[in-house]
Structure formats: C-alpha cells, structure tokens
Amino acid sequence: MNLTKLRSMIARCEWTFAKTMPFAPHEYIVRNKCPLTTEEFEYFVTMQREHGVKERWGKYNFPYLYIDNYKYWTMGAPIEETTVINRAKVKTDKA
C-alpha cells in the first residue's frame, strides 16, 4: 500500500458532508464527480478493502482504512460498481 499516493489522492478531493445522516457525521466522494481517475478510485477502494480493519457498524461489518485522522470505507459493492468512498474523523480520547 502506497500511503504517499493515497494521501495525495485524498488531498485532491473535495469531500462532501453527508447531511442526510447527522446521527453519523461523515463525508464522501463520488466516482466520476471527483478528480480521481477510474484507476485511482479503484486503487483507493482496493487498498481500503485489502488493508482495512474490519469493524461493526449496525448490521454491517466493513473494513475501515485508517489514514491520519480519518477512517475510510465503502458499502461493499464489487469494486467496479462502487461509486462512493466515505470517511469520518477518528474520535480521540484527548480532552
């Protein structure tokens, strides 16, 4: 996994706040509406799925890829059908 490449892709994107889910604050990007090429988007999803840590959220068990102060996930559709990458700030116990 190339963290430098992923960080560069993350920085190029304008992340949209998911206002329909205020109970679960997060942001997202959409394939073909963000500056990532198809190859970059699919690389990001592949890295998230191969290197993510599986965690439960409600009835789902997603792999979450932790990079810096965020965790990234998708909803599990096949990579070529995945259209959204989500991210949320990682909560810390610091006061």
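Residues numbered from 1 in each chain as written. Predicted model: local features only at pLDDT ≥ 70, side-chain atom pairs only at ≥ 80, totals over all residues. Heavy atoms only, no water.

A. Representation of the sheet that holds strand E1 (residues 16-17) within the structure. On the basis of which strands lie adjacent, the open sheet formed by 6 strands has the order E1-E2-E6-E5-E4-E3 and antiparallel pairing. The sheet is open, and its two borders are formed by E1 and strand E3 (53-57), each paired with just one other strand. Sheet analysis places E3 next to strand E4 (residues 60-67), joined by 5 bridges and oriented antiparallel. Along E4, the bridge assignment pairs Glu-55 with Phe-62. In the packing of helix H1 (residues 3-12) onto the sheet, contacts are made with E4, strand E5 (70-73) and strand E6 (84-89), and the angle to E4 comes to roughly 100 degrees. Strands strand E2 (27-30), E3, E4, E5 and E6 of the sheet are contacted by helix H2 (residues 38-51), whose axis makes an angle of about 110 degrees with E4. (Pairing = 2+ DSSP bridges. Helix = DSSP H or I, 4+ residues; strand = E, 2+ residues; numbered from the N terminus. Contact = heavy atoms within 4.5 Å. Axes fitted to C-alpha atoms, helices over the stretch in contact; angles between N-to-C directions.)

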